[in-house]
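Close look at the chain arrangement
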Amino acid sequence: MAASLGRAAAGLLTRLQTSAPTLRTLLSSNSFSQNVPSCLWKLGRLNHVAIAVPDLEKAQSLYKDVLGAQVSETVALPEHGVYTVFVELGNTKLELLHPLGEKSPIASFLQKNKTGGMHHICIEVDDIKAAMAELKKKKIRILSEEPKIGAHGKPVIFLHPKDCHGVLVELEQA
Ligand SMILES: C[C@@H](C(=O)O)C(=O)SCCNC(=O)CCNC(=O)[C@H](O)C(C)(C)COP(=O)(O)OP(=O)(O)OC[C@H]1O[C@@H](n2cnc3c(N)ncnc32)[C@H](O)[C@@H]1OP(=O)(O)O
């Protein structure tokens, strides 16, 4: 009786020793980690790429008349200090931006980039408040205390370009 108990205990010990690395492999394998959310919010699709332009009519005409894209009317967004025009591209959009008012956030950008240039990218998120909380913890500077309502009538925030490898990043609640 004692001998058979001893043999069973030894067998169990052997199985435990071999199962620990197996468990580690399983835990680190893709099939396992893909099902474990790393945070409470998720990035979605690229909503738009924004281009600051010194002459909105000329830029509109380039995309509409020369490149044949579908181009929206000009919309003034005084709370953002910009005029916007959207260019439909099928898989995403371009947002043409032009300064509105004396305190426009794109004025100094256009002073440095006289002929215009890529100003920001906008990526959708499923939970902007959760994104803000986590990004703050990770010391990414958010350029407003609270989300603002963006060009699509949805809450948006901007992340400092110096914390995003030189690119101004807008996050929009999907
Ligand atoms: C309607 C809405 C929507 O789509 O829903 C919109 O588009 S609103 C679109 C307009 N709104 C926004 O952009 C809101 C968020 N933007 C901001 O808060 C500001 O523009 C900042 C990004 C903080 C820049 O502020 P400001 O122009 O006063 O500072 P600054 O000229 O001294 O720039 C500080 C440093 O950041 C760099 N920097 C400035 N703007 C940049 C940009 N767009 N992309 C990459 N780098 C940029 C400068 O070169 C400089 O680097 P160096 O020190 O190395 O020279």
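Residue indices begin from 1 for each chain and proceed along its sequence in written order. Under the rules for a predicted model, residues below a pLDDT of 70 receive no local features and side-chain atom pairs below 80 are neither given nor counted, while totals for whole chains, interfaces and linings still include all residues. With hydrogens and water stripped out, all remaining heavy atoms of the structure feed into the side-chain values.

Keep this limit in mind: UniProt positions are given in the numbering used here, feature names are shortened, and annotations may be inferred rather than shown by experiment.
An unreviewed UniProt entry lists the chain under the name Methylmalonyl-CoA epimerase, mitochondrial, with Coturnix japonica as the source organism. Per UniProt, the comment on the chain under Function (unreviewed entry) is "Methylmalonyl-CoA epimerase involved in propionyl-CoA metabolism." Per its UniProt entry, the chain bears the Catalytic activity (unreviewed entry) comment "(R)-methylmalonyl-CoA = (S)-methylmalonyl-CoA".

**Points about the overall build of the chain**
Under the convention used in this document: Under the scheme used here, helices are H or I runs from DSSP no shorter than 4 residues and strands are E runs no shorter than 2 residues, and both carry numbers assigned from the N terminus. Only protein chains enter the accessibility calculation, which uses a 1.4 Å probe. A residue is then buried if its area is under 20% of the maximum for its type, exposed if over 50%, and partly exposed in between. A contact between two residues is defined here by any heavy atoms of the two lying within 4.5 Å.
For the chain, the count of helices and strands is five helices and nine strands. Mapped from its N terminus to its C terminus, the chain presents α and β elements in the order α-α-β-α-β-β-β-β-α-β-α-β-β-β. Going through the 174 residues of the chain one by one, you find that 34% of them count as buried. Partitioning the intrachain contacts of the chain with sequence separation of at least 6 by distance along the chain shows that 53% fall at a separation of at least 24.

**Considerations on unusual backbone geometry**
A positive phi angle, near 65°, is found at K139, a position not held by glycine. Residue position: K139 is located in the loop between α5 (128-137) and β7 (148-149). Residue K139 is classed as exposed on the basis of its relative accessible area, which comes to 69%.

**So, the side chain of E134**
Looking at the secondary structure, you find E134 in helix α5. What makes E134 buried here is its relative accessible area of 19%. Not counting residues up to four positions away in its chain, the partners in contact with E134 are C39, L40 and W41.

**Re the pattern of salt bridges**
The condition is simple: The working definition used for a salt bridge is a side-chain nitrogen of Lys or Arg within 4 Å of a carboxyl oxygen of Asp or Glu.
This structure, assessed with the given rule, holds four salt bridges. Between E134 and K138 there is a salt bridge, and its shortest N-O distance comes to 3.2 Å.

**Brief notes about the environment of H98**
Defined as follows: In protein, a polar contact means a hydrogen-donor-capable atom and an acceptor-capable atom, both N or O and within 3.5 Å, with residues adjacent in sequence counting only if both atoms are side-chain atoms; elsewhere, any N or O pair within 3.5 Å suffices.
Turning to its location among the elements, H98 is positioned in strand β5 (residues 93-99). A relative accessible area of 21% means that H98 is categorised as partly exposed. Beyond its immediate stretch of four places on either side in the chain, H98 contacts V53, P54, D55, L56, G81, V82, Y83 and I106. A polar atom in the side chain of H98 sits 2.8 Å from the backbone oxygen of V53.

**Regarding the layout of surface pockets**
To locate leftover empty space, one rolls a probe as large as a water molecule over the atoms. What counts is decided by this rule: Only protein atoms enter the 1 Å grid used here. Points where a 1.4 Å probe fits but cannot escape make up a cavity, open sets with protein on both sides within 12 Å along at least five of seven lines make up a pocket, and a residue lines them when an atom lies within 4 Å of a point. Grid points are joined across faces, edges and corners, and a volume is the space filled by probe spheres set on the points.
Computed from the structure, the largest pocket encloses a volume of approximately 560 Å³. If you go around the largest pocket, you meet 28 residues; those closest to its centre are P105, H119, H120, F158 and L168. At the level of secondary structure, the elements contributing two or more residues to the lining of the largest pocket comprise β4 (82-88), β5, β6 (117-125), β8 (155-159) and β9 (168-173).

**Topic: α5**
Taken together, the buried positions of α5 are I128, A130, A131, M132, E134 and L135. Residues of α5 that are buried make contact with β6, β8 and β9. The N-terminus of α5 is capped by D127, whose side-chain oxygen sits 3.3 Å from the backbone nitrogen of K129. K139 occupies a position one or two residues after α5 and carries a positive phi of about 65°.

**Description of the site of the ligand**
As a reminder of what qualifies: The near set for a molecule or strand comprises every residue that places at least one heavy atom within 4 Å of it. To be clear on the numbers: accessible area is Shrake-Rupley with a 1.4 Å probe, and residue cover counts the displayed protein chains and nothing else.
Around the ligand, a shell composed of 21 residues is seen, among which E95, S108, A151, K162 and E170 lie nearest. Separating a nitrogen atom of the ligand from a backbone N or O atom of H119 is a distance of 2.9 Å. Between the ligand and K162 there is a distance of 2.7 Å, counted from an oxygen atom to a side-chain nitrogen or oxygen. Summarising the interface, the protein chains cover 69% of the accessible area of the ligand, which totals 1,100 Å² for the free molecule.

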